[in-house]
Amino acid sequence: MEVPLELVISSIFNPNIVRFLFPSDYFSPKKADAAYLEQVACMQNAGFATSVISLESLGCGSSKIIPVPTPDSKVVYRGWMLSPGDYELLVSVIENTGASLLTSKAEYLAAHYLINWYPLITDLTPETKFYSVDDDLESELNRLGWNGFFIKDYVKSLKTSVGSLINKPSEIKTVVAQMQKFRGSIEGGICVRRIEDFVSETERRYFVVYGKPFAALPDEEIPEIVSECAKRIRSQFFSVDVIERRDGTKRIVEIGDGQVSDIVGWTPERFTQLWVV
């Protein structure tokens, strides 16, 4: 017999079982980074245990979780984006305590990397092509023949310098060079997304937990496109960014792993409510 989703969520997110893990402050390793203090306070007020971890120490093999999770507890990470290698190290540190991470490495990359979630929602999001940094990108863009291009790697776009929007294929060399300069490296490869006529002020972020979508306002209606996305993405906790085109059509512009997604447009209190069943 199939178990109702509400019962699954209730059993998993019992405050006696779940612990939220945040990056520690660099100078005060027993405290959470200042960017997450409000979330920490809200989680604790709701009855959840919280811990911190030094992400800077992950690669050294000396990272410790403070306080240590109880064995068999379920850990939800809330912090900065991690490379696949660092995420694997995080999983190992947590499992060494006898606890387990809510989101596996495979699930993390399923929502974190555009190349992984795009094939599942091609009809709901702008057309996208994927390339290597070593490809002749200008020639590839000329072959596409699009009127405009949005350039990013598998994870992020360039929000400084020349930005990520270009009209001419010849401009992609500059964008890629600036991405490498300001971000240090290109993660995964180059994604080229077709420009659509979006209304920027209509963009909204939603979260999906175990297939159930949530909006920033408790009484806000969940768009059908978000509910459809919740059925297709292979992750237990992720974010969905939706925007409207000028013709009124809703489109998905970004999927992200929920652990490393900002709560833009949300209050810490409302975000905490996702876990209170």
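Coordinates for the structure precede this section.
Residues numbered from 1 in each chain as written. Predicted model: local features only at pLDDT ≥ 70, side-chain atom pairs only at ≥ 80, totals over all residues. Heavy atoms only, no water.

## Some details on the overall build of the protein chain
Along its length, the protein chain carries 9 helices and 13 strands. For the protein chain, the C-alpha radius of gyration of 20 Å lies close to 19 Å, the compact-globule estimate for 277 residues. If you line up the protein chain on its principal axes, its C-alpha atoms span 55 × 45 × 35 Å. Counting all 277 residues of the protein chain, 48% fall into the buried class. Summing over all exposed atoms, the protein chain offers an accessible surface of approximately 13700 Å²; the carbon and sulfur share of this is 50%. The positive charge centre, built from 29 side chains, and the negative charge centre, built from 37, are 2 Å apart in the protein chain. (Helix = DSSP H or I, 4+ residues; strand = E, 2+ residues; numbered from the N terminus. Rg over C-alpha atoms; globule rule 2.2 N^0.38 Å. Buried < 20%, exposed > 50% of the residue type's maximum accessible area, 1.4 Å probe, protein only. Areas by Shrake-Rupley, 256 points an atom, 1.4 Å probe, with all protein chains shown as cover. Lys, Arg positive; Asp, Glu negative; His and termini not counted. Charge placed at Lys NZ, Arg CZ, Asp CG, Glu CD.)

## Structural notes on the packing of aromatic side chains
Two aromatic rings are characterised by how far apart their centres lie and by the angle between their planes. On inspection of all chains with the given rule, the structure shows 16 aromatic pairs. Each ring, one from Tyr118 and one from Phe130, has its centre 5.7 Å from the other, and the planes form 65°; the classification is edge-to-face. With Tyr118 in the loop between helix 5 (114-117) and strand 6 (128-131) and Phe130 in strand 6, the pair connects residues that are 12 residues apart, well separated along the chain. Between Trp146 and Phe149 the ring centres are 6.0 Å apart and the planes differ by 25°, which places this aromatic pair in the stacked class. (Phe/Tyr/Trp six-rings, centres within 6.5 Å; stacked < 30°, edge-to-face > 60°.)

## Some remarks on the environment of Leu89
Within the secondary structure, Leu89 is located in helix 3 (residues 84-95). Sequence-wise, Leu89 and Ser63 are 26 residues apart; in three dimensions their C-alpha atoms are separated by 9.3 Å. Those residues in contact with Leu89 that lie beyond four places of it in its chain are Leu58 and Gly59. (Contact = heavy atoms within 4.5 Å.)

## A closer look at the environment of Gly258
When you line up the elements, Gly258 lands in the loop between strand 13 (250-257) and helix 9 (268-273). We classify Gly258 as buried; its relative accessible area is 0%. Gly258 sits 52 residues away from Tyr206 along the chain, and the two C-alpha atoms are 9.7 Å apart. Not counting residues up to four positions away in its chain, the partners in contact with Gly258 are Arg78, Phe207, Phe237, Phe238 and Ser239.

## Considerations on the packing of helix 6 (residues 137-144) against helix 7 (residues 172-183)
For the pair helix 6 and helix 7, interaxial distance at closest approach is 9 Å and the crossing angle is 130°. When the axes of helix 6 and helix 7 are compared, the pair comes out oblique. Contacts between helix 6 and helix 7 pair Leu137, Glu138 and Leu141 from the former with Ile172, Lys173 and Val176 from the latter. Here the residues of the contact of helix 6 with helix 7 sort into 4 nonpolar, no polar and 2 charged. (Axes fitted to C-alpha atoms, helices over the stretch in contact; angles between N-to-C directions. Parallel < 35°, antiparallel > 145°, perpendicular 65-115°, else oblique. Nonpolar A, V, L, I, M, F, W, Y, C, P; charged D, E, K, R; others polar.)

## A short note on helix 8 (residues 224-232)
For helix 8, every residue scored as buried is listed here: Ile225, Val226, Cys229 and Ala230. Considered in projection along helix 8, the buried side chains sweep an arc of 145° and stay on one side of the axis. More than 90 degrees from the buried face of helix 8, the exposed residues found are Glu224 and Lys231. Where helix 8 is buried, its residues touch strand 10 (198-209), strand 11 (212-214), strand 12 (237-245) and strand 13. (Arc of directions from axis to C-beta.)

## Side note on the layout of surface pockets
Within this model, the largest pocket holds a volume of roughly 1100 Å³. Lys159, Glu203, Arg205, Asp241 and Glu254 are the residues nearest the centre of the largest pocket, which is lined by 42 residues in total. For the lining of the largest pocket, the secondary structure elements donating two or more residues are helix 2 (37-45), helix 4 (105-112), strand 7 (149-153), strand 9 (190-194), strand 10, strand 12 and strand 13. Examining the composition of the lining of the largest pocket, we find that 5 residues originate from one element, strand 13, more than from any other. Per-class residue counts for the lining of the largest pocket are 19 nonpolar, 9 polar and 14 charged. In terms of residue count, strand 10 provides more of the lining of the second largest pocket than any other element does, 4 residues in total. Across the lining of the second largest pocket, the residue classes tally to 5 nonpolar, 1 polar and 5 charged. (1 Å grid on protein atoms, 1.4 Å probe; cavity = no way out; pocket = protein on both sides within 12 Å on 5 of 7 lines; lining within 4 Å. Points joined across faces, edges and corners; volume = space filled by probe spheres on them.)

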